[in-house]
Amino acid sequence: EAGGAALGRAADKLFSLSGLFAVRKPKGPTSAAVLNLLKERLLAEAGVQTNGNKRNQVLKIGHGGTLDSAATGVLVVGIGKGTKMLGTMLAGSKKYTAIGMLGKATDTLDATGKVTEEKPYDQVTKGDLENVLLKFTGDIMQVPPLYSALKKDGERLSTLMKRGEAVEAKPARPVRVYSLSLQHFQPPLFTLDVECGGGFYVRSLVNDIGKELSTCATVQELTRTKQGPFTLEEHALHEDKWTIDEIARSLECCTALLLGEPARKKLKTEHPGETAVICE
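This one's a predicted model, so the numbers in the text were calculated from it and none came from an experiment.

### Digging into the overall build of the chain
Tallying secondary structure elements over the chain gives seven helices and 15 strands in all. The buried share of the chain, taken over its 280 residues, is 45%. Taking as baseline every contact in the chain between residues at least 6 positions apart, the subset at least 24 positions apart corresponds to 74%. Of the roughly 14,100 Å² that the chain leaves accessible, carbon and sulfur atoms contribute 51%.

### Digging into the environment of glutamate 45
Along the chain, glutamate 45 turns up in helix H2 (residues 31–45). Taking the C-alpha atoms as reference points, glutamate 45 and alanine 10, separated by 35 residues in sequence, lie 7.4 Å from one another. Ignoring any residue separated from it by four or fewer positions in sequence, one finds glutamate 45 in contact with Leu7, Ala10, Trp242, Thr243 and Ile244.

### A closer look at helix H7 (residues 244–259)
Helix length check: H7 (16 residues) gives 23 Å between terminal C-alpha atoms against 22 Å at 1.5 Å per residue, within 8%. For H7, the set of buried residues is Ile244, Ile247, Ala248, Ser250, Leu251 and Cys254.

### Here's the deal with the UniProt feature "domain: tRNA pseudouridylate synthase B C-terminal" (unreviewed entry) in the chain
UniProt records the feature "domain: tRNA pseudouridylate synthase B C-terminal" (unreviewed entry) for residues 203–238 in the present numbering. End C-alpha atoms of residues 203–238 are separated by 25 Å, and the span's content is 28% helix alongside 42% strand.

### With respect to the pattern of salt bridges
Per the stated rule, a full pass over the model turns up 10 salt bridges. Close ionic contact of glutamate 239 with arginine 41 constitutes a salt bridge, the shortest N to O distance being 2.6 Å. Within this pair, whereas glutamate 239 is found in the loop between strand E14 (236–237) and H7, its partner arginine 41 is found in helix H2, the two being separated by 198 residues in sequence. The class for arginine 41 is partly exposed, based on a relative accessible area of 31%. As a salt-bridge pair, aspartate 68 and arginine 203 come within 2.8 Å of each other at their nearest N and O atoms. Note that aspartate 68 is positioned in the loop between strand E2 (61–63) and strand E3 (72–79) and arginine 203 in helix H6 (residues 202–212), a separation of 135 residues in sequence. A relative accessible area of 23% means that aspartate 68 is categorised as partly exposed. Beyond isolated ion pairs, a larger network of salt bridges with shared partners links Glu155, Arg163 and Glu165.

How each quantity is defined
- Residues numbered from 1 in each chain as written.
- Predicted model: local features only at pLDDT ≥ 70, side-chain atom pairs only at ≥ 80, totals over all residues.
- Heavy atoms only, no water.
- Helix = DSSP H or I, 4+ residues; strand = E, 2+ residues; numbered from the N terminus.
- Buried < 20%, exposed > 50% of the residue type's maximum accessible area, 1.4 Å probe, protein only.
- Contact = heavy atoms within 4.5 Å.
- Areas by Shrake-Rupley, 256 points an atom, 1.4 Å probe, with all protein chains shown as cover.
- Expected span 1.5 Å × (residues − 1).
- UniProt positions renumbered as here; feature names shortened; annotations may be inferred.
- Salt bridge = Lys/Arg side-chain N within 4 Å of Asp/Glu carboxyl O.

What follows is the structure, encoded as structure tokens:
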């Protein structure tokens, strides 16, 4: 009986959680898979049966801004009424650290894809790379990658590509780069720190940088270090902390964070292809 009462309290606490918090997405699973795993963990801890459609209470949970499977870092999660706040996270600023590789291009623009082109890169100097970065800072036009979560006729471009269907590139669209700097240069590898607005693809940036340098380049590793006020070091919960109590604690600290967050001006072209993913 005592066990049942404790589970009942855990379930009550779980369904009363509301707001935004951040988790650390590991490399490998999709952002949606991470969300499903988080949800399974929480429902299991609360002893809520999810078999069949007998769920009388629906756990509303969603994430604001997809990270590629191969990427790691901050994934902002909304729970309860927090799911309504995810749209503002998409439009806000994000920071990434990316390791790029010169001399190779792939169809996915990252290390998971098939190599489509190889070119010499020995001519590229650190100075060349730093100069090129200036061209990609500020308000720029960017063509999103074909392998992406953007949709055509309601289906993800990446899903269509994997089925072998012909997919036309989406038109270039305005994106904003607040800052872009070169951290390391050890050819063929280079490390960039990027702070950007909504709808920006680091994979496209690295691909475009390669072209500007008359070679090609692809992302080897990508980490989102910050989204809105949430940083990887301070706020993103590791998998061992995906518990009702830890999330309740995190929600308290994050509510204060969000109140102190200055609103970034939205670009006129908010990107309709990017939507908060909410599963119930």
